[in-house]
Amino acid sequence: MDSVGVTASAPDAGPGPAWQSKCPWGAPSTTSISCSLADVMSEQLAKELQLEEENAAFPEVVAVAEGPFITGENIDTSSDLMLAQMLQMEFDREYDAQLRREEKKINGDSKVSISFENYRKVHPYDSDSSEDEVDWQDTRHDPYRADKPTTTPRRGFIGKGKDITTKHDEVVCGRKNTARMENFAPEFQVGDGIGMDLKLSNQVFNALKQHAYSEERRSARLHEKKEHSTAEKAVDPKTRLLLYKMVNSGMLETITGCISTGKESVVFHAYGGNATEDKVIPPECAIKVFKTTLNEFKNRDKYIKDDYRFKDRFSKLNPRKIIRMWAEKEMHNLTRMQNAGIPCPQVVILKKHVLVMSFIGQDQVPAPKLKDVTLSSEDMKKAYYQILNMMQQLYRECNLVHADLSEYNMLWHDGKVWLIDVSQSVEPTHPHGLEFLFRDCRNVSQFFQKGGVAEALNERELFNAVSGLNITADNEVDFQAEIEALEKMNEDHVQNHGKKLSTFSSDGDPPIYDE
């Protein structure tokens, strides 16, 4: 291709004054540039022209800081993740520099300095950090560790002569004891000794260690007591599991809630479920859960340890079994009373310390206690003779003494009295059986005498009427002395013959009182 000349010429200005050549509205004077068509079509020439225009438009170029983001030759910039990390790193560098300036401005020449090290942004991939940008965690001073760590040789000492230092050195042991405090339980607060060269003597460290162990054991006991105790209206997980099993098996339909709380147990109301071939489930049931806390049973072992039915199984070393035996004892006593025809709850089932019985009441409303109900004179007299008859049946047919009979353990339902809470009931041959019977007679006599029953016997007459013993004494002190003498005779008989045979002399069966 032949080259073609391209000429750009301006018209001649012609003669004229000098100010006309500088007129802004005149045509600019340009020099003629000659080039070939190949040069015009060249890409290299286009890039050079573009660069010249950029340099003319932006004469000052801002220098960018050298770093891995700009000069990294081995960094793969095609990854979005790598680009994002590099951008974040640059931002964190600027942020840390700002923190250092603020820290220097606030502290100044003060002896007490404020550190913003916890707010710094340190990245593990920040490999190009300068000398003044080091990880603060690596330079943090540990007062428990020596500046120049030294190893203790096997012989137990270092140095010679006056400079000898043994492993029993006061300073060395103090620092070691301070470091050992970190091995205490997390619940034991030992504080933070950063910045202080703490030295604990062996006496102080041993006292702290014993206190930490005692606190750990105490917390474990509290946790165990919480997990294995039924306090007030709450049940422990094991008791809750027993109740769930009863509901899931269909024995109980649902458990509605708590109806009574006492020193030894909590009573819940429940609706009975499907009856089985060997068990009849009443429509409404009472679930008596004996409290697994041992505080209430510490002073009540006299009711069970001398009972020959449970004497061989009684163990003071295993107090949790006492609670189950207490529930089992109430089940056996209720069964005796039910067989004798005495109005009492009907036993459904016993599971460990949970006793299911028939509910005395109606529509989730328990029958009122005898102390809470207001009876007419006729009903009061009827209740007295009924209780007198039940005490005689309990003593003669069931061979039991209630041992806690009062208006608090008698319910009024369907026009008659029902006896409850017989877990502490014992047999008359118990070493304290007659004393318990005399106490029951006193409670019953005082209640009905205050209630206006003229036919109510005093405690000594009621005791003779129930037991059939003809104890003649002018005052209560002599009467109780004769009761203790009879109990002593029975105890001697048991020790000599090993059998529970009543040595009480009576003139036939006790009379049956009826209205």
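Residues numbered from 1 in each chain as written. Predicted model: local features only at pLDDT ≥ 70, side-chain atom pairs only at ≥ 80, totals over all residues. Heavy atoms only, no water.

Participant: Is there a simple way to explain unusual backbone geometry in this structure?
Facilitator: The bulk of non-glycine residues show a negative phi, and the bulk of peptide bonds are trans. In this model, asparagine 399 sits at a positive phi of 55 degrees, which is unusual for a non-glycine residue. As for its placement among the helices and strands, asparagine 399 is situated in the loop between α11 (377-396) and β10 (410-413). A relative accessible area of 32% places asparagine 399 in the partly exposed class. Its identity is not glycine, yet aspartate 421 carries a phi of approximately 55 degrees, on the positive side. For aspartate 421, the location among the structural elements is in the loop between β11 (416-419) and α12 (433-450). (Helix = DSSP H or I, 4+ residues; strand = E, 2+ residues; numbered from the N terminus. Buried < 20%, exposed > 50% of the residue type's maximum accessible area, 1.4 Å probe, protein only.)

Participant: How should I be thinking about the sheet that holds strand β4 (residues 265-272) in this particular structure?
Facilitator: Backbone-to-backbone hydrogen bonds pair the strands of a sheet. The strands run either parallel or antiparallel. Ordered in space as β3-β4-β5-β7-β6, the five strands form an open sheet in which the pairing is antiparallel. In the strand order of this sheet, the two ends are held by β3 (252-261) and β6 (347-351), each with one partner. Averaged over all pairs of adjacent strands, the angle between their axes in this sheet comes to 25 degrees, without regard to strand direction. Across four bridges, β6 lies against strand β7 (residues 354-358) in antiparallel orientation. Its bridge partner being in β7, leucine 350 is matched across the sheet by leucine 355. (Pairing = 2+ DSSP bridges. Axes fitted to C-alpha atoms, helices over the stretch in contact; angles between N-to-C directions.)

Participant: Quick question: what am I supposed to make of the environment of glutamate 484 here?
Facilitator: Along the chain, the position of glutamate 484 falls in helix α14 (residues 476-497). On a C-alpha basis, the gap between glutamate 484 and glutamate 435 in space is 7.6 Å, while along the polypeptide they are 49 residues apart.

Participant: Teacher, can you tell me more about the pattern of salt bridges here?
Facilitator: Pairing of side chains with opposite charge becomes possible as their charged atoms draw close. Across all of its chains, the model carries eight salt bridges by this definition. Here arginine 93 makes a salt bridge to glutamate 90, at a shortest N to O gap of 3.5 Å. Here arginine 93 pairs with glutamate 90, and both are found in helix α5 (residues 80-107), just three residues apart, close to one helical turn. For aspartate 421, the salt bridge identified is with lysine 288, shortest N-O distance 3.5 Å. Highlighted residues: aspartate 421 in the loop between β11 and α12 and lysine 288 in strand β5 (residues 284-290), separated in sequence by 133 residues. Each member of the pair, aspartate 421 together with lysine 288, is buried. (Salt bridge = Lys/Arg side-chain N within 4 Å of Asp/Glu carboxyl O.)

Participant: Any chance you could explain the confidence of the model for the protein chain here in plain terms?
Facilitator: Interpretation of the predicted coordinates at a detailed level should be avoided for regions scoring low in pLDDT. Mean pLDDT over the protein chain: 76, with 67% of residues reaching 70 or higher. This model gives residues 1-13 a pLDDT under 50, and the stretch forms five contacts once residues within four places in sequence are excluded. (pLDDT = per-residue confidence, 0-100. Contact = heavy atoms within 4.5 Å.)

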